[in-house]
Amino acid sequence: MPINRTNIAEHLIRYQLEMVGKTWEEAQKDDMWFFNWTMTEEQHEKFKRYAIPLIKKIFKCNRKKAEATFSWFDLEFGLRIKN
């Protein structure tokens, strides 16, 4: 399925979960998934390097706007960072 404005949030959540060995289905069963699961600083940087250009492309916005959008996404759905 192509990534678009309506499914980018789910895509980024799935991508993030795959990075830590979890699935969308597991997240659906755990109301506190975003709190219970963590990622390393390295994983977070990799996720950010993936997400920001994708946000720029999908929303046709500049880097500054994409970074701000990512920050809001990360605040809402991002896994905690724990090294």
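Preceding this paragraph is the structure being described.
Conventions used here
Residues numbered from 1 in each chain as written. Predicted model: local features only at pLDDT ≥ 70, side-chain atom pairs only at ≥ 80, totals over all residues. Heavy atoms only, no water. Helix = DSSP H or I, 4+ residues; strand = E, 2+ residues; numbered from the N terminus. Rg over C-alpha atoms; globule rule 2.2 N^0.38 Å. Buried < 20%, exposed > 50% of the residue type's maximum accessible area, 1.4 Å probe, protein only. Contact = heavy atoms within 4.5 Å. Areas by Shrake-Rupley, 256 points an atom, 1.4 Å probe, with all protein chains shown as cover. Lys, Arg positive; Asp, Glu negative; His and termini not counted. Charge placed at Lys NZ, Arg CZ, Asp CG, Glu CD. Core = buried A, V, L, I, M, F, W, Y, C linked by side-chain atoms within 4.5 Å. Polar contact = N/O pair within 3.5 Å; in protein donor to acceptor, adjacent residues only side chain to side chain. Salt bridge = Lys/Arg side-chain N within 4 Å of Asp/Glu carboxyl O. Phe/Tyr/Trp six-rings, centres within 6.5 Å; stacked < 30°, edge-to-face > 60°. Lys NZ or Arg CZ within 6 Å of the ring centre and 35° of its normal.

Draft legend 1. Just the overall build of the protein, in detail. The helix and strand inventory of the protein stands at five helices and two strands. Its helices and strands taken in sequence order, the protein reads α-α-α-β-α-α-β from the N to the C terminus. Against the compact-globule benchmark of 12 Å for 83 residues, the protein has a radius of gyration of 13 Å, which places it among compact chains. In the protein, which comprises 83 residues, the proportion classed as buried is 29%. For the protein, the proportion of contacts with a sequence separation of at least 24, taken over those separated by at least 6, is 59%. Surface accessibility of the protein: about 5,800 Å² in total, with carbon and sulfur atoms responsible for 53%. Taking the 15 positively charged and 12 negatively charged side chains of the protein as two groups, their mean positions are separated by 8 Å.

Draft legend 2. A look at the nonpolar core. Residues L12, W33 and F47 are the most contacted members of the largest nonpolar core, which totals 19 residues. Secondary-structure elements contributing two or more residues to this core are α1 (8–19), α4 (41–59) and α5 (63–77). When residues of this core are assigned to their parent elements, the largest contribution, six residues, is made by α4. Ignoring anything within four residues of it in the chain, the contact list for L12 reads F47, Y50, A51, L54, I55 and F73.

Draft legend 3. Inspection of the side chain of Q16 at higher detail. Along the chain, the position of Q16 falls in helix α1. A polar contact is formed between the side chain of Q16 and the backbone nitrogen of L79, at a distance of 2.9 Å. For Q16, the contacting residues outside a window of four places in its chain are W33, M39, F47, D74, F77, G78 and L79.

Draft legend 4. Inspection of the pattern of salt bridges at higher detail. If you walk through the whole model with that rule in mind, you get two salt bridges. Close ionic contact of E67 with R63 constitutes a salt bridge, the shortest N to O distance being 3.2 Å. Here R63 and E67 lie together in helix α5, a separation of four residues that amounts to about one turn.

Draft legend 5. Representation of the packing of aromatic side chains in the model. This structure, assessed with the given rule, holds seven aromatic pairs. Relative to F73, the ring of F47 has its centre 6.3 Å away and its plane inclined at 50 degrees; by these criteria the two rings are tilted. Here F73 lies in helix α5 and F47 lies in helix α4, a separation of 26 residues in the sequence. Summarising the burial analysis for this pair, F47 and F73 share the class buried. Taking the centre distance of 5.4 Å and the plane angle of 45 degrees together, the rings of F73 and F77 count as tilted. One end of the pair is F73 and the other is F77, both in helix α5 and four residues apart, which spans about a single turn. Residue F77 is classed as partly exposed on the basis of its relative accessible area of 30%. Above the ring of F35, the side-chain terminus of R80 is found at 4.5 Å from the ring centroid.

Nothing here speaks to function; it is all geometry.
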